[in-house]
Amino acid sequence: MSAVERHRNILDFTLASLMRRKGKNSALIVVYTLVVFVLASALFFTQAIRREAGLVLTDAPELVVQRLVAGRHDLIPTAYLEKIRDIRGVTGARSRLWGYYYDATVGANYTLEVPLEAPPPEGSVIVGEGLARTSGAAVDSLMPFRTTRGEITTFAVSKILPSDSSLVSADLVLLSEKDFREMFGVDRAHATDLAVTVRNKKEIPVIARKIAEALPDTRTISRDEILRTYDAVFSWRGGIMLALLAGAVLAFVIFAWDRAAGLSAEERKEIGILKAIGWETSDVLLMKFWEGVAVSLTAFLLGIVAAYVHVFFASAGLFEPVLKGWSVLYPRFRLVPFIDFPQVAALFFLTVVPYTVATVIPSWRAATVDPDAVMRG
Amino acid sequence: MIDLQDIQKTFNKGRPNEYVAVRRVSLKVEPQLVTVLKGPSGSGKTTLLSLLGCMTRPTSGRIFLDGREITSLPERFLTEIRRRTYGFIFQQFNLVKGITVLENVMLPAYPTGERRAVLRDRAMELLELFSMAHKAPSKVEWLSGGESQRVAIARALINDPGYVIADEPTAHLDTALSREFMEIVATLKGRGKTIVMASHDPIVCSEGLVDRIVEVRDGSLVSDGPHR
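Everything in this summary refers to the structure shown in the same document. Keep in mind that what you see is a predicted model, and the values were worked out from it rather than measured.

Here we look at the nonpolar core
Most often, soluble globular proteins keep nonpolar side chains buried together rather than apart.
Right, on to step 1. Residues Trp279(A), Leu37(B) and Met197(B) are the most contacted members of the largest nonpolar core, which totals 89 residues.
Right, on to step 2. Here the element with the most residues in this core is helix 5 (residues 145–157) of chain B; it accounts for six residues.
Right, on to step 3. Excluding residues that lie within four positions of it along the chain, Met197(B) makes contacts with Val34(B), Thr35(B), Val36(B), Leu37(B), Ala166(B), Pro169(B), Phe181(B), Met182(B), Val185(B) and Val204(B).

Below is the structure:
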């Protein structure tokens with residue numbers, strides 16, 4: 001005789017009991033699963049995309065200097081590099097060349113960039129995995145581009161980037177400085193922006209201020225500022241999602257509460273029978289506890305798995321209109337699976353625990369009644 | 001032995017619908033005998049059975065089980081006594097629908113934490129004793145009245161109780177099945193069980209194996225004596 005056997009016996013009976021009301025319980029599990037699925041999808045999506053944004057920025061320079069003309073981003077003279085290097089605390093400053101290119105045949109935007117380290121040889125490009133997929137480009141195939149002069153120029157694909165982080169590399173085209181300048185008509189005295197590295201991160205605001213003083217037609221953007229912007233954008237989008245879902249969640253809570261909290265006459269009688277044949281109040285509560293756990297845990301696990309598949313394998317198709325939607329993100333990109341366990345635990349406590357409690361409490365009231373009630377039919 | 005001393009049971013005490021179901025009853029139930037509580041509907045037989053079986057507490061008076069006072073034991077201890085000492089056969093059988101005959105028989109023993117295989121063997125033995133082994137995998141709602149009762153009896157015996165308490169056991173049975181039930185009672189008596197039944201069925205009351213008939217009316221004992 002053991003406590004484990006007691007739990008096992010009672011759990012067996014609970015499962016047999018649940019099977020008796022197959023239709024009702026299945027309907028409940030389906031609705032419950034759907035709610036967990038939607039909540040978990042929103043959670044996984046925002047977490048994963050924020051993480052990707054963080055990954056993108058790990059290699060980013062501490063400061064980016066851009067030139068503004070009439071409040072808009074413009075090409076920056078490379079002569080500014082010297083002035084920046086003269087500022088104390090700056091360990092390096094390099095010019096960057098990057099831009100966007102709209103491919104009308106595929107209907108997608110590409111990000112063209114000259115890598116600071118190991119650029120591809122002239123006449124060739126390295127492309128992202130997403131871009132290769134949509135345009136059908138393969139290694140050694142030729143990719144046509146239209147230059148700013150209206151001519152068509154072709155580049156040989158020398159390599160396809162591995163997809164460590166699809167978000168970063170999906171739409172990327174890496175090319176040599178010469179090819180970039182020729183294609184976009186950017187002369188050698190200008191660059192897209194300047195990347196600045198500093199010795200001490202605490203000095204970033206001071207250096208940013210000094211740059212602004214020395215070069216009044218520029219603005220500086222720190223890595224932390226970009227991170228904060230990403231964070232705010234995704235929190236806001238996630239928030240909008242949850243606000244839209246709040247109504248559905250509330251309806252489910254009412255439904256689940258009614259289902260779990262309201263004992264039918266049959267269930268009440270059954271509790272009476274169990275008490276009369278020798279079950280303690282605690283045994284009845286244990287049974288109801290297992291019932292609540294079985295229903296809510298099943299729904300929770302199904303919902304979480306479905307959400308995982310939806311977000312990481314099906315590109316969160318259902319949420320695309322709300323959660324995605326700026327030019328950097330592309331219709332078919334796959335997020336790198338990432339789960340924030342504290343958040344999943346929070347979801348667990350917000351779904352499984354309340355339902356289980358809602359199942360146990362009314363039964364506790366019924367289970368404390370004298371068992372002789374059952375003798376009276 | 002169960003010893004009731006000056007027992008009174010009042011329902012809804014202090015309310016306008018206050019009702020005294022059992023009035024100052026003293027009764028000793030001797031072990032290994034068949035005792036029948038006889039009386040019309042509403043006479044207090046079922047309440048008296050509930051008190052004998054620790055299903056409810058008396059409003060006043062004392063109850064002793066095998067010399068130990070159990071009147072004011074906490075619910076947990078009373079449940080334990082109920083499970084180990086008594087087997088109940090209810091008038092409506094009170095089988096749990098939707099699960100099998102075998103599971104119904106095993107049900108009272110689930111909280112004891114006994115191994116499932118051991119429980120299963122014991123339940124099958126009991127079902128065999130009452131010629132119900134072939135129905136073990138059937139759902140209880142498919143059973144006839146007589147079959148349901150045999151399952152209810154097997155369930156009452158799963159924890160091997162010393163006392164079997166039956167409330168109007170033949171109320172839903174025809175004459176042949178009632179006689180069959182009394183044969184089972186004889187078997188139980190032969191196995192040394194103490195049997196207490198509430199009934200006003202002549203088939204039960206006139207049966208030779210009944211050792212004692214206690215007549216109850218309006219919550220009080222009217223007559224008490226050996227079966228004649």
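Focus: unusual backbone geometry
Residues and elements named next belong to chain A.
Right, on to step 1. One non-glycine residue, Asp-140, lies in positive phi territory at about 80°.
Right, on to step 2. By the element assignment, Asp-140 lies in the loop between helix 4 (129–135) and strand 8 (142–146).
Right, on to step 3. When its relative accessible area of 65% is taken as the criterion, Asp-140 is described as exposed.

A short note on the pattern of salt bridges
Right, on to step 1. Tallying each qualifying case throughout the model produces 32 salt bridges over all chains.
Right, on to step 2. With a closest N to O distance of 3.4 Å, Arg209(A) and Glu213(A) form a salt bridge. With Arg209(A) and Glu213(A) both in helix 7 (residues 204–214), this residue pair falls four residues apart, about one helical turn.
Right, on to step 3. Judged by relative accessible area, which is 48%, Arg209(A) ranks as partly exposed.
Right, on to step 4. The closest approach of N and O atoms between Arg62(B) and Glu69(B), which form a salt bridge, is 2.9 Å.
Right, on to step 5. Using a relative accessible area of 30% as the deciding quantity, one classes Glu69(B) as partly exposed.
Right, on to step 6. Each member of the salt-bridge network shares a partner with another, and the members are Arg6(A), Asp283(A), Glu80(B), Arg83(B) and Arg84(B).

Quick look at the interface of chain B and chain A
Right, on to step 1. Taken together, the contacts link 34 residues of chain B with 28 residues of chain A.
Right, on to step 2. Overall, the association of chain B and chain A removes approximately 2,900 Å² of surface from exposure, summing both partners, and the carbon and sulfur fraction of that is 60%.
Right, on to step 3. Across the contact surface, chain B and chain A share three salt bridges.
Right, on to step 4. One salt bridge connects Arg116(B) with Asp12(A), and the closest N-O pair in it is separated by 3.3 Å.
Right, on to step 5. Where chain B touches chain A, the interface holds nine residue pairs in polar contact (both at pLDDT 80 or more).
Right, on to step 6. A class-by-class count of the residues in the side of chain B that touches chain A yields 13 nonpolar, nine polar and twelve charged.

Conventions and cut-offs
Residues numbered from 1 in each chain as written. Chains lettered and ligands numbered in written order. Predicted model: local features only at pLDDT ≥ 70, side-chain atom pairs only at ≥ 80, totals over all residues. Heavy atoms only, no water. Core = buried A, V, L, I, M, F, W, Y, C linked by side-chain atoms within 4.5 Å. Buried < 20%, exposed > 50% of the residue type's maximum accessible area, 1.4 Å probe, protein only. Helix = DSSP H or I, 4+ residues; strand = E, 2+ residues; numbered from the N terminus. Contact = heavy atoms within 4.5 Å. Salt bridge = Lys/Arg side-chain N within 4 Å of Asp/Glu carboxyl O. Buried area = accessible area lost by both parts, 1.4 Å probe. Polar contact = N/O pair within 3.5 Å; in protein donor to acceptor, adjacent residues only side chain to side chain. Nonpolar A, V, L, I, M, F, W, Y, C, P; charged D, E, K, R; others polar.

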